[in-house]
Amino acid sequence: MIELNLAICKDGKTVFKSYKIKGKLELKHWNPDLGQVRKGCMYADELNILIKDTEVEYTQVGLSWETVKRDFTSGELINYQKAAASKESLFEYIEHLIDLFKKRGTGNFNMYRNLLGEMHSFTKNRNVKMSDINNKFLFEYIKWCLAGGNDSKTVLNKFYRLKSVVKKAKNDGISVSDITLTYTPTKKPIIKRGLSESNVQKLLAYKPRKKKWEFVMDMFKFMYYSAGISFRDMAFLTQDNISDNHLSYIRFKTHKPINIPLPEISMMIIDKYKFSKDRGKYLFPIIPLKRQHLDYIELYTYINSRIFGYNTLLDKIGKELDLPIKLTSYVARHSYATQLLRSGIPLPMISKALGHSTIQMTQNYLNLNDFDLTVTFDCLTPKLKEEKLDGIGMAFMNHLKSNPDWEKYWSMVTKEGEVLPNKATLVYSGNRGWQYILPLVDKKELKGVVIFPVKEKPGSSLLSGEITEPLVFFQDEMEKDISVQGLLRSPMRIEWEYDVNITSAMSLETVTKSPLSCSGYDGYYDASYVLVCSNTIDCSGNKALNEIDMDYLQYVADKIGCQFSCKVKVKNDVIIVEGQREREVCFFYNSLREELEKGLWYISYNYLWNDCEKQAYGENSFDS
């Protein structure tokens, strides 16, 4: 037989609790430095799990008692779970449970205190043994509750609470009756207390008119941004619960440890009340200095009264904003859970963040009335992290979101890999007109590009045009596409290469056609072109998209053409130059490139006049 002893030391006194397990443990298998069983023992895993779980259990209970300034001995701590097996009276056993949960420092004692009062009323103070709680007793109790005006949900909760007392008594070795009775209440729609996304934003943007209301809204925001922490847990927070912008505490209701990162807004709220005169040892001035000496039970009662006043003010704010549900402290918690689900967070993770004991409890929180099911499928693909967007990324995404189908488009391209909005580049070419080209990457390696064509509106800015269904090109298509090759031959390639590795195989090294190879046909020299707009810096120092008007391109071409006695027509797919000699035409094309680069617009050509014997433009090519 293996015997392990748990030692608890407090105030110079040590008490022990023995655990006996079948098996054999030799002294050589015990590691005194780590307080663990060495791996050579066949029972090592089982014993080490028992040791770790026991240490965590008693440490958490001890810390929670110290948090509420409870005075206790090592003997009380080591026996905190021990039930009075000899107490077979219903009243005495419930009193034992009340005392047990008070020692644990959780609010469950209040539920059992209410149950004790009900049992006195229901039994008319008749002495009832635990073995008397049978199916008939429960059936009569249900009828009594319903006759007293309780709704079916309340009766169900009371029914299960009394059954849980019977179950606990059985586990403590007390003789009880077998319970087979079940109660199925009339189902009513569950009122969800989670706000829709639009109402959450409206509430968080609310500017209070009164000082008290400002404090109420600050506490509501802290609860919402801090994983839906309850008002009671928030009231007991101290600076010791904050470390490296993380919040760690043990939830009073379920006794589960919570450890979450705090966003900047939560830290700002903490700093706001750091020098409040009435906050004392706690983070927030919820429990005033003159009451901080009270014991846990007195503080519990006081906080309940504060919650009532807090919810009264929240209700007034909710009515002022015309919210569809009554605004209470728990709306922050329910709305937080619902917002996590909207963002694609798995239900088990939400349950853990809330400190729930079951996932079913978490499901009851969720308000899905305004939930678009397409969002659940979008969560299967990589999501855009908008907080990492620069000016370019924001401008592109805002333009994309002007299309009602933008989520479908974004989901379509992100299935292929990671798309980088901050590298969005405006490109013009004859085959597609204006378009955004974005890199498609896998672990920073360029695997392709995503192209969003823009359908221009006559007389309007390019950025007000409609973005249409995207194209995804991989290496083979990239090598053949003049728009992509124009971009990769421009200085924008260097901009991409800050964050993306582009292999040489992705772009062609030279232009496929070169000038000065033969004379133009009847003095006409044409070239297809690709125009790449480099992203620039605006007057505020932020990156911005750098569009160009095609009328301005014609204006610049005319101005330079006059210098070389050339007549120029800019068309959708080609630039046509009428000149006397090919050398002047080549000077024109180079000068046009240099002039456009001053505005950070990069143009590349494919000279076509080698094939001009198959084409004839004639004088009408220059008609307006």
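Here, residues in each chain are numbered from 1, in the same order as that chain's written sequence. Since the coordinates come from a predicted model, pLDDT governs what is reported: local features require at least 70, and pairs of side-chain atoms require 80 or more to be given and counted, while whole-chain, interface and lining totals use all residues. For side-chain calculations, the full set of non-hydrogen atoms in the structure is used, while hydrogens and water are omitted.

Please set out the overall build of the protein chain residue by residue, giving values where relevant.
Think of it this way: any DSSP run of H or I at least four residues long counts as a helix, any run of E at least two long counts as a strand, and we number them from the N terminus. Check the secondary structure of the protein chain and you find 22 helices and 19 strands. For every residue, the accessible area obtained with a 1.4 Å probe (protein chains only) is divided by the maximum for its type, and the residue is called buried under 20%, exposed over 50%, and partly exposed between those limits. Here the protein chain holds 624 residues, and the buried ones make up 47% of them. Contacts in the protein chain between residues at least 24 apart in sequence constitute 60% of all its contacts with a sequence separation of at least 6. We call two residues in contact when some of their heavy atoms are within 4.5 Å.

Can you break down the sheet that holds strand β5 (residues 242–243) residue by residue, with the values?
In short, DSSP must find at least two bridges between two strands for them to pair. The strand order β5-β6-β7 describes an open sheet built from three strands, whose pairing is antiparallel. The sheet is open, and its two borders are formed by β5 and β7 (257–261), each paired with just one other strand. Relative to strand β6 (residues 246–250), β5 runs antiparallel, the two being bridged by two bridges. Looking at β6, one finds that Ser243 is bridged to His246.

Outline the environment of Ile575, listing residues and values.
Relative to the elements of secondary structure, Ile575 occurs in strand β18 (residues 574–578). Owing to a relative accessible area of 0%, Ile575 belongs among the buried residues under this scheme. For the pair Ile575 and Ala527, spaced 48 residues apart in the sequence, the C-alpha separation amounts to 5.4 Å. With residues near it in sequence (within four places) discarded, Ile575 still touches Tyr525, Asp526, Ala527, Tyr529, Val568, Lys569, Val570, Phe588, Tyr589, Leu592, Ile603 and Tyr605.

So, the packing of aromatic side chains: which residues are in play, and what are the values?
Aromatic contacts are taken between Phe, Tyr and Trp rings whose centres are within 6.5 Å, Trp giving its six-membered ring; a plane angle under 30 degrees counts as stacked, one over 60 as edge-to-face, and the others as tilted. One pass over the full model with this rule turns up 20 aromatic pairs. Residues Tyr224 and Tyr225 carry aromatic rings whose centres are separated by 5.2 Å and whose planes lie at 80° to one another, so their mutual orientation is edge-to-face. Overall, Tyr224 belongs to the buried group, its relative accessible area being 9%. What makes Tyr225 partly exposed here is its relative accessible area of 28%. An angle of 80° between the planes, with centres 6.1 Å apart, marks the rings of Phe236 and Tyr282 as edge-to-face.

I'd like to hear about the side chain of Arg232, residue by residue, with values.
Among the structural elements, Arg232 can be located in helix α9 (residues 231–235). When charges are counted, Lys and Arg are positive and Asp and Glu negative, with His and the chain ends excluded. Just to be clear on terms, a salt bridge is a Lys or Arg side-chain nitrogen sitting within 4 Å of an Asp or Glu carboxyl oxygen. Comment: no salt bridge for buried Arg232; closest opposite-charge side chain is Asp233, at 7.0 Å. We define a polar contact as two N or O atoms separated by no more than 3.5 Å, with the added condition that, inside protein, one atom must be a possible hydrogen donor and the other a possible acceptor, whereas residues neighbouring each other in sequence contribute only through side-chain atom pairs. A distance of 2.5 Å separates a polar atom in the side chain of Arg232 from a polar atom in the side chain of Asn304. With residues near it in sequence (within four places) discarded, Arg232 still touches Phe252, Tyr300, Ile303, Asn304 and Ile307.

Give a description of the environment of Leu138 that names residues and reports values.
As for its position among the elements, Leu138 is in helix α5 (residues 135–147). Overall, the relative accessible area of 1% leaves Leu138 in the buried class. For Leu138 and Leu162, which are 24 residues apart along the polypeptide, the C-alpha to C-alpha distance reads 8.3 Å. When near neighbours in sequence (up to four residues on either side) are disregarded, Leu138 contacts Phe159, Leu162, Lys163, Ile179 and Leu181.

Tell me about the pattern of salt bridges, and name the residues and values.
Overall, the coordinates contain 15 salt bridges when judged by the stated rule. Measuring nitrogen to oxygen at the nearest pair gives 3.4 Å for the salt bridge that ties Asp271 to Lys274. One salt bridge connects Lys423 with Glu495, and the closest N-O pair in it is separated by 3.8 Å. Taken together, the residues Lys423 in the loop between β8 (418–419) and β9 (425–429) and Glu495 in helix α20 (residues 492–497) connect sequence positions 72 residues apart. Under the relative-accessibility criterion, Lys423 is labelled buried at 7%.

Before we move on, can you summarise the confidence of the model for the protein chain with the specific residues and values?
Known as pLDDT, the predictor's per-residue confidence is scaled from 0 to 100. On average, the protein chain scores 78 in pLDDT, and the residues at 70 or more come to 80%. Mean pLDDT across the elements of the protein chain ranges from a minimum in helix α15 (residues 373–378), with 43, to a maximum in strand β13 (residues 471–473), with 93. Low confidence marks residues 508–520, where pLDDT is under 50. Its contacts with residues over four positions away, or in another chain, come to 29 contacts. Here residues 537–543 scores under 50 on pLDDT; set against residues more than four positions off or in separate chains, the count is nine contacts.

Explain the side chain of Ser89 to me, using residue names and the numbers behind them.
Residue position: Ser89 is located in the loop between α2 (74–78) and α3 (90–104). When sequence neighbours within four positions are dropped, the list of residues in contact with Ser89 reads Asn127, Val128, Lys129 and Met130.

Give me the packing of α5 against helix α6 (residues 152–171): which residues, what numbers.
Interaxial angles span 0 to 180 degrees and are taken between N-to-C directions of axes, which are lines fitted to C-alpha atoms, for helices over the stretch in contact. Contact geometry of α5 with α6 gives a least axis separation of 10 Å together with a crossing angle of 150°. One element, α5, and the other, α6, form an angle in the roughly antiparallel class. Crossing angle aside, the handedness with which α5 passes α6 is right-handed. The residues of α6 that touch α5, namely those facing Phe137, Leu138, Tyr141, Ile142, Cys145 and Leu146, are Val155, Lys158, Phe159, Leu162 and Lys163. In this count, Pro and Cys sit with the nonpolar residues alongside Ala, Val, Leu, Ile, Met, Phe, Trp and Tyr, while Asp, Glu, Lys and Arg are called charged and the others, Gly among them, polar. In terms of residue class, the contact of α5 with α6 is built from nine nonpolar, no polar and two charged. The scheme is simple: roughly parallel for angles under 35 degrees, roughly antiparallel for over 145, roughly perpendicular for 65 to 115, oblique for anything else. Crossing chirality is assigned from the near helix's rotation relative to the far helix, an anticlockwise turn below a right angle marking it left-handed and a clockwise turn marking it right-handed.

So what's going on with the nonpolar core? Residues and values would help.
The biggest cluster of nonpolar side chains holds 56 residues, and the ones touching the most others in it are Leu203, Met219, Met234, Phe284 and Ile317. Element by element, the count of residues in this core is highest for helix α8 (residues 211–225), at nine residues. For Phe284, the residues in contact, after removing those within four places along its chain, are Met219, Phe222, Met234, Ile269, Ile270, Tyr273 and Arg279. Here, nonpolar core refers to any group of buried Ala, Val, Leu, Ile, Met, Phe, Trp, Tyr and Cys residues whose side-chain atoms link them within 4.5 Å. Counting residues in hydrophobic clusters, the runner-up holds 47 residues, among them Val419, Leu440, Ile467 and Cys533.

Talk me through the pairing of β18; I want residue IDs and the actual numbers.
Most of β18 is tucked away: four of the five residues are buried. Direction of pairing for strand β17 (residues 567–570) relative to β18: antiparallel, over a ladder of four bridges. Directly across from Lys569, in β18, lies its bridge partner Ile576. Between β17 and β18, which pair antiparallel in sequence order, lie three residues.

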